[in-house]
Amino acid sequence: VLGGPVDEKGYPKSHLRLRLDQALREGRGLEAAGTPHRYLLTGGAVKSYGSAGVVTEASAMARYLGERGAVPGSACLLEEEAVCTLTNAVHSKRLLLDAALWSGDTTLLLVTSSCHMARAATCFCAVFPPAQIRMAPAPDPAPELLAENLAREARSLAEWFPKRLEKLSGEYPSIFLKNTGPRL
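What counts, and at which threshold
- Residues numbered from 1 in each chain as written.
- Predicted model: local features only at pLDDT ≥ 70, side-chain atom pairs only at ≥ 80, totals over all residues.
- Heavy atoms only, no water.
- Helix = DSSP H or I, 4+ residues; strand = E, 2+ residues; numbered from the N terminus.
- Contact = heavy atoms within 4.5 Å.
- Polar contact = N/O pair within 3.5 Å; in protein donor to acceptor, adjacent residues only side chain to side chain.
- Axes fitted to C-alpha atoms, helices over the stretch in contact; angles between N-to-C directions.
- Parallel < 35°, antiparallel > 145°, perpendicular 65-115°, else oblique.
- Left-handed = near helix turned anticlockwise from the far one by under 90°.
- Nonpolar A, V, L, I, M, F, W, Y, C, P; charged D, E, K, R; others polar.
- Phe/Tyr/Trp six-rings, centres within 6.5 Å; stacked < 30°, edge-to-face > 60°.
- Buried < 20%, exposed > 50% of the residue type's maximum accessible area, 1.4 Å probe, protein only.

Participant: Please clarify how the overall build of the chain should be interpreted in this entry.
Facilitator: Helix and strand counts for the chain stand at six helices and six strands. Reading the helices (α) and strands (β) of the chain from amino to carboxyl end gives α-β-β-β-α-β-α-β-α-β-α-α. Principal-axis analysis of the C-alpha atoms gives the chain an extent of 45 × 40 × 30 Å. The contacts in the chain between residues at least 6 apart in sequence include a share of 68% that link residues at least 24 apart.

The following block contains the structure:
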């Protein structure tokens, strides 16, 4: 589940709650099918929130899921270093590899807002085999802003992604796939 902003009390804002609720729906479906799974909650963006203290997006998401009694803490993996969508993918793969949870038959269920899915899929397909990624878009919190949000995402992919990909693939050469993934 890709992170997003939290409020001044350290709780997920509306669009992040929509992502988490989508992840819960997907998790219930996996449970009903008898499919083992975990929740990888990704997002650093550390902020200090008064009485809430220092909160990462990932820790705020884990608390949200835990307070609903829906997901035990042992089912959550927290990736708390990422500061953008591409580093969500890079640090998620590093975490899964370090924990020996990534293999050739692992499927990654990518949950983010529907307007953010194209960018998220592009970033994750640069580091994970595309055939092992399944997408579960969450509803957008402000449908009236959909066109504006999609335009922003398209600009980001065209302008930001190629530069960031080049930089990070130099920093983490073993994480990125060789000659695969989407090309812009």
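Participant: Sorry if this is basic, but what is going on with the side chain of Thr-42 here?
Facilitator: Within the fold, Thr-42 resides in strand S1 (residues 39-42). There is a polar contact of 2.9 Å between the side chain of Thr-42 and the side chain of Asn-88. Those residues in contact with Thr-42 that sit more than four places away from it in its chain are Val-1, Leu-2, Gly-3, Glu-57, Ala-58, Met-61, Glu-79, Ala-82, Asn-88 and Ser-92.

Participant: Quick question: what am I supposed to make of the packing of helix H1 (residues 14-32) against helix H2 (residues 57-67) here?
Facilitator: Contact geometry of H1 with H2 gives a least axis separation of 11 Å together with a crossing angle of 55°. Considered as vectors, H1 and H2 are oriented oblique to each other. Taken as a pair, H1 and H2 cross one another with a handedness that is right-handed. The residues of H2 that touch H1, namely those facing Leu-16, Arg-17, Leu-20, Asp-21 and Leu-24, are Met-61, Tyr-64 and Leu-65. For the contact of H1 with H2, the class distribution of residues is six nonpolar, no polar and two charged.

Participant: Looking at this model, I keep getting lost on the packing of aromatic side chains. Mind explaining?
Facilitator: For any pair of aromatic rings, the description rests on two quantities: the centre-to-centre distance and the angle between the ring planes. The tally for this structure, following the rule as stated, stands at three aromatic pairs. Taking the centre distance of 4.8 Å and the plane angle of 70° together, the rings of Trp-102 and Phe-128 count as edge-to-face. In this pair, Trp-102 sits in the loop between helix H3 (85-98) and strand S5 (108-113) while Phe-128 sits in the loop between helix H4 (117-125) and strand S6 (133-138), placing the two residues 26 residues apart along the sequence. By relative accessible area, Trp-102 is classed as buried at 15%.

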